[in-house]
Amino acid sequence: MAVYTVHEPPLKKYEAAPDPERFAFVRDGFSFWAFVFGPLWMLRHRMWLVLLGYIVVVVAMQVGLGAIGASGSNLTFAGFMLALLVGLEAGTLRRFTLGRRRWRNVGTIVGHNRDTVEQRFFDSWVRGETVAPLSPALSQAARTSSPLPSATRGAASAPDVIGLFPQPGAHR
């Protein structure tokens, strides 16, 4: 199943509510088209700053590898690895661009395909339910998690417990 983030566009002057047809659904995961046609994919999604950064990286890579006398196969391998990185991070690059344009992340939905995800999101949106993205506190706790048991870290610093030990302060 694929994970999608849903982004709401900023309101236009004449809009009272966001237009559902303008919502963006960004799939998380590998993008084949971004891997194969990186710069064209960036142009298609109007990712100008990302494209500029890509061009700077490619030029710097070519100049740097040429300066150290790298062979043609090394240049090809470096280009392949850059294309692979763009393919793997395509969703992140799109979310970055939408965020810079002041689009708001309004939710994260899991589904088999985009049609299912759109239907699930708009069903909950029409009912007035929110499908909140991952909360900042929870994502911060996931980034700073420690392999030590929560009793060692102290109960005051332990966030909500997720996993095998549902009680705060439980020992292994």
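What counts and how
- Residues numbered from 1 in each chain as written.
- Predicted model: local features only at pLDDT ≥ 70, side-chain atom pairs only at ≥ 80, totals over all residues.
- Heavy atoms only, no water.
- Core = buried A, V, L, I, M, F, W, Y, C linked by side-chain atoms within 4.5 Å.
- Buried < 20%, exposed > 50% of the residue type's maximum accessible area, 1.4 Å probe, protein only.
- Helix = DSSP H or I, 4+ residues; strand = E, 2+ residues; numbered from the N terminus.
- Contact = heavy atoms within 4.5 Å.
- Phe/Tyr/Trp six-rings, centres within 6.5 Å; stacked < 30°, edge-to-face > 60°.
- pLDDT = per-residue confidence, 0-100.
- Patch = residues over 30% accessible without salt bridge, like charges linked within 9 Å, V, L, I, M, F, W, Y side chains within 5 Å.
- Areas by Shrake-Rupley, 256 points an atom, 1.4 Å probe, with all protein chains shown as cover.
- Salt bridge = Lys/Arg side-chain N within 4 Å of Asp/Glu carboxyl O.
- Polar contact = N/O pair within 3.5 Å; in protein donor to acceptor, adjacent residues only side chain to side chain.

Caption draft 1: Layout of the nonpolar core. Counting 13 residues, the largest nonpolar core has Ala-34, Trp-41, Met-42, Met-47, Tyr-54, Met-61 and Val-86 as the members making the most contacts within it. Residue assignment for this core shows that the elements contributing at least two residues are helix H2 (38–44), helix H3 (48–67) and helix H4 (72–88). Per-element accounting of this core gives the leading share, five residues, to H3. Ignoring any residue separated from it by four or fewer positions in sequence, one finds Met-61 in contact with Ala-78, Gly-79 and Leu-82. Tyr-4, Phe-23, Phe-25 and Val-106 belong to the second-largest nonpolar core, a separate cluster that totals ten residues.

Caption draft 2: How the structure looks around the packing of aromatic side chains. Considering all chains together, one arrives at twelve aromatic pairs under this definition. With a centroid separation of 5.7 Å and an interplanar angle of 50°, the aromatic rings of Phe-30 and Phe-35 are classed as tilted. You can call Phe-30 partly exposed: its relative accessible area is 35%.

Caption draft 3: Up close: the confidence of the model for the chain. Residues of the chain with pLDDT of at least 70 account for 74%, and the chain-wide mean is 81. Note that pLDDT drops below 50 for residues 136–158; the model gives that stretch 14 contacts with residues more than four away or on any other chain.

Caption draft 4: Structural context of a nonpolar patch on the surface. Together, Phe-30, Phe-32, Trp-33, Val-36, Phe-37, Leu-40, Leu-43, Trp-48 and Leu-88 give the surface a local cluster of nonpolar side chains, amounting to about 920 Å² of exposed area. Listing elements by their share of the nonpolar patch, those giving two or more residues are helix H1 (32–36) and H2. Note on placement: Leu-43 falls in helix H2. Given a relative accessible area of 39%, Leu-43 falls into the partly exposed group.

Caption draft 5: Fine view of the side chain of His-7. Its place among the elements puts His-7 in strand E1 (residues 2–8). Using a relative accessible area of 4% as the deciding quantity, one classes His-7 as buried. A polar atom in the side chain of His-7 sits 2.9 Å from the side chain of Thr-5. Residue contacts for His-7: discarding those within four places in its chain leaves Phe-23, Ala-24, Val-26, Arg-95, Leu-98, Trp-103, Arg-104 and Asn-105.

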